[in-house]
Amino acid sequence: MHNLKKALIASIAFLLVTAVMSIGLMEFYFRSEEDFYQDGSERAAYAGSLDYLICGASHAYRGMNPEKIDALLGTSGYNISGGLMTMGGRYEMLRIEIERNPVKTVVLELSYATMTRNRVEEGPEGDLYVLGRMDRFWDRFCYFFRGFRISELPEVYERFLTEGIDALGKALNGELRRSDTQRFRGYIPTGPRTIELETNYEERFHSKTPEKEFDPYNLKYLERILTYCEERDIEVVFVTMPLTKTFLSTYAELDYFYDWYRELAQAHGCRYYDFNLLKEKDEMFPDPVAFYDVLHLNDEGAETLSNLFAELELRTAAGEDVSGLFYSSYLEMESAPGFLEPWPEDLAEDSTGT
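These remarks concern the structure in this document. (Residues numbered from 1 in each chain as written. Predicted model: local features only at pLDDT ≥ 70, side-chain atom pairs only at ≥ 80, totals over all residues. Heavy atoms only, no water.)

### Some thoughts on helix 4 (residues 66–73)
So, step 1. Buried residues of helix 4: Pro66, Ile69 and Asp70, and no others. Taken around the axis of helix 4, the buried residues stretch over an arc of 100°, which confines them to a single face.
So, step 2. Looking at the buried positions of helix 4, the neighbouring elements they touch are strand 1 (52–55), strand 2 (77–79) and helix 16 (299–317).
So, step 3. Put simply, asparagine 65 is the residue that caps the front of helix 4, since its side-chain oxygen is 3.0 Å from the backbone nitrogen of glutamate 67.
So, step 4. At the exit of helix 4 stands glycine 74, carrying a positive phi of roughly 70°. (Buried < 20%, exposed > 50% of the residue type's maximum accessible area, 1.4 Å probe, protein only. Helix = DSSP H or I, 4+ residues; strand = E, 2+ residues; numbered from the N terminus. Arc of directions from axis to C-beta. Contact = heavy atoms within 4.5 Å. Polar contact = N/O pair within 3.5 Å; in protein donor to acceptor, adjacent residues only side chain to side chain.)

See the structure below:
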């Protein structure tokens, strides 16, 4: 019995030492912010001053620049969007920033895939990014257990323990560097456009149909976000980011998502802009000029979108009805003259320029 007790104490001590060392190594990585997406210290520096948040996945992450929006609206904004950000991740990031900032407006990006993404099948990647962005230990500790499935915890532990060991090794060799980006208030420029121009719109027209089954996880956290903001008198603006004509011509039945978001916006008193339905979309966001790839805007497109969004908000605040600038549906947009026509040659020739 005495030996058993000693063995138990030794085992517990070993586990405690291992836990402390593991947490220490992981914390070293989190605080090093060597990965480009880690912006915890930047957000912490703005704590108490932000009144405008942009929240979404990579569509918003690469498409909305707070610097441009703030200049027109007089706001103090931050883009907390992230790659593959889940609805649970959005709720968590919004909660963190709203608790420490006088937030008045949240711009929530909603795409054709936002509600149909399956967190279980997709895996933990998006939430790994969220965990890596948190600047406070307690937030990370709680999200480690709240944001991941039990079966994913070993992978999360291994991922960040490895990152911590690598970061410590770099520090000891004098090679550890904080990520060098041109990020400003959460927005990171994409660089030169890389889209390969597609012109066979008629051939691909409605050749695919997107998944329509909304995942309960997404519905639950969207409702939590809206309730959380409503309880704090924070207005929510829905935004669907522009996509390429290559994508829009390929997928049928996109009105299914537009109608659902529009009705949700009406039910909650939210403004909703779907920039794919902008009547001047082809002029303002031509595929060869405004996009980084098929689904994301490039620097030029992001600047155009950010300025346009802010201008629409100003006009709406002044009492102007801007609905006439948009088609009433994807069906109407697809029926407009020129929808399936290829781009002019002068644009096509420069489709992959810098």
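The structure having been displayed, the exposition proceeds.
### Let's talk about the packing of aromatic side chains
Centre distance and the angle of the planes are the two values used to describe a pair of aromatic rings.
So, step 1. In the structure shown here, the tally under the stated rule is 31 aromatic pairs.
So, step 2. Here phenylalanine 238 and tyrosine 272 contribute two aromatic rings whose centre-to-centre distance is 6.3 Å and whose plane-to-plane angle is 75°, an arrangement assigned as edge-to-face. In this pair, phenylalanine 238 is assigned in strand 4 (residues 235–240) and tyrosine 272 in strand 5 (residues 271–274), connecting sequence segments 34 residues apart. The burial state of phenylalanine 238 is the same as that of tyrosine 272; both residues are buried.
So, step 3. Counting every residue linked through ring pairs, the aromatic cluster contains Phe214, Phe238, Tyr256, Phe257, Tyr258, Trp260, Tyr261, Tyr272 and Tyr330.
So, step 4. Over the aromatic face of phenylalanine 160 sits the side chain of arginine 159, whose NZ or CZ is 5.5 Å from the ring centroid.
So, step 5. Note that lysine 245 overlies the ring of tryptophan 343, its terminal NZ or CZ placed 4.5 Å from the centroid. (Phe/Tyr/Trp six-rings, centres within 6.5 Å; stacked < 30°, edge-to-face > 60°. Lys NZ or Arg CZ within 6 Å of the ring centre and 35° of its normal.)

### With respect to the sheet that holds strand 5
So, step 1. Ordered by their spatial adjacency, 5 strands build an open sheet running 2-1-3-4-5, and the pairing between neighbours is parallel. At either end of the open sheet lies a strand with only one pairing partner, and these are strand 2 and strand 5. Direction aside, the axes of adjacent strands within the sheet are offset by 15° on average.
So, step 2. Most of the contacts of helix 5 (residues 87–99) go to strand 1, to which it runs at about 165°, and overall it touches strand 1 and strand 3 (105–109).
So, step 3. Across the sheet, helix 13 (residues 255–268) lies against strand 4 and strand 5, angled at about 160° from strand 5, the strand it touches most. (Pairing = 2+ DSSP bridges. Axes fitted to C-alpha atoms, helices over the stretch in contact; angles between N-to-C directions.)

### A closer look at the pairing of strand 3
So, step 1. Of all 5 residues making up strand 3, 5 are buried, and the element is well covered by its neighbours.
So, step 2. Of the two faces of strand 3, the one lined by Thr105, Val107 and Glu109 and the one lined by Val106 and Leu108 are each fully buried.
So, step 3. Bridging between strand 1 and strand 3 involves 4 bridges; their strand directions are parallel. Directly across from tyrosine 52, in strand 3, lies its bridge partner threonine 105.

### Some remarks on the nonpolar core
So, step 1. The biggest cluster of nonpolar side chains holds 86 residues, and the ones touching the most others in it are Leu53, Ile98, Phe238, Tyr273, Phe275 and Phe309.
So, step 2. Sort the elements by how many residues they give to this core and helix 11 (residues 216–231) lands first, with 7 residues.
So, step 3. The residues contacting phenylalanine 238, other than those within four sequence positions of it, are Leu108, Leu110, Leu226, Tyr261, Leu264, Ala265, Cys270, Arg271, Tyr272 and Tyr273. (Core = buried A, V, L, I, M, F, W, Y, C linked by side-chain atoms within 4.5 Å.)

### Here's the deal with the packing of helix 7 (residues 125–133) against helix 8 (residues 137–146)
So, step 1. Put simply, helix 7 and helix 8 touch, their axes get as near as 9 Å, and they point 165° apart. Judged by the angle between their axes, helix 7 and helix 8 are roughly antiparallel. Relative to helix 8, helix 7 is oriented so that their crossing is left-handed. Between helix 7 and helix 8, the residues in contact are Asp127, Val130 and Leu131 and Arg140, Tyr143 and Phe144, respectively.
So, step 2. Of the residues in the contact of helix 7 with helix 8, the class split is 4 nonpolar, no polar and 2 charged. (Parallel < 35°, antiparallel > 145°, perpendicular 65-115°, else oblique. Left-handed = near helix turned anticlockwise from the far one by under 90°. Nonpolar A, V, L, I, M, F, W, Y, C, P; charged D, E, K, R; others polar.)

Function-wise, these values are silent; they only describe arrangement.
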